[in-house]
Amino acid sequence: METKEVACKLTSLELQKYKTDVIALLKGNILKREELSIGYRYTFPGSDTMIEQLIIFIKVERQCCNFLSFNLSIEDDQSSIVVKITGPNGTNKFINKEMEF
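Residues numbered from 1 in each chain as written. Predicted model: local features only at pLDDT ≥ 70, side-chain atom pairs only at ≥ 80, totals over all residues. Heavy atoms only, no water.

**Details of helix H3 (residues 91-99)**
Note the following rule: Remark: exposure states derive from per-residue accessible area (1.4 Å probe, protein chains only) relative to the maximum for the residue type, with buried under 20%, exposed over 50%, and partly exposed in between. Where helices and strands are cited, they refer to DSSP runs of H or I of at least four residues and of E of at least two residues respectively, numbered from the N terminus. Think of it as the arc spanned by the lines of direction from the helix axis to the C-beta atoms.
Looking at H3, one finds that the buried residues are Thr-91, Asn-92, Phe-94, Ile-95 and Met-99. Seen from one end, H3 has its buried residues packed into an arc of 160 degrees, which puts them on one side. Opposite the buried face of H3, at more than 90 degrees from it, the exposed residues are Lys-93 and Lys-97. Where H3 terminates, the next one or two residues include Glu-100, which has phi positive at roughly 45 degrees.

Written out as structure tokens, the structure is:
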């Protein structure tokens, strides 16, 4: 099994700014944050707008941080949205430092 480096590979200034803007929006909407042994579980409001922002976030993160795994859970139109971000050892430290999330 290949070990992936726990580091951001985002080099485009435009994508870096976009990522910063999306993360700032998401940070302001976190309802709950739970630390896991290899990542975090976040709860967000269950709006369609939030779903769209989370999908954008995941798409950008996949480009720069291919060591992360994302699990997006949406039960119905009345429930909160849960996103689980996990990865190899060092993921929690990376999320806290690089994403400040």
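**Side note on the sheet that holds strand E3 (residues 69-74)**
What counts here: Whether two strands pair depends on DSSP finding at least two bridges between them. Here, axes are lines fitted to C-alpha atoms. For helices the fit covers the stretch in contact, and angles between N-to-C directions go from 0 to 180 degrees. Any two residues whose heavy atoms approach within 4.5 Å at even a single point are treated as in contact.
Within the open sheet, the four strands sit side by side as E1-E2-E4-E3. Their pairing is antiparallel. Unpaired on one side and paired on the other, strand E1 (32-36) and E3 mark the two borders of the sheet. Between one strand and the next, the sheet's axes are offset by a mean angle of 15 degrees, whatever the strand orientation. Relative to strand E4 (residues 81-86), strand E2 (residues 39-44) runs antiparallel, the two sharing six bridges. Paired with Thr-43 across the two strands is Val-82, which belongs to E4. Helix H2 (residues 48-64) rests against E2, E3 and E4 of the sheet, and its axis sits at about 170 degrees to E3. Running at roughly 55 degrees to E2, H3 makes contact with E1, E2 and E4 of the sheet.

**What about the pairing of E1?**
Here E1 runs beside E2; their pairing, made up of five bridges, is antiparallel. Across the sheet, Leu-36 pairs through a bridge with Gly-39, a residue of E2. In textbook terms, the turn of a hairpin is the stretch between consecutive antiparallel strands, and for E1 and E2 this stretch comprises two residues.

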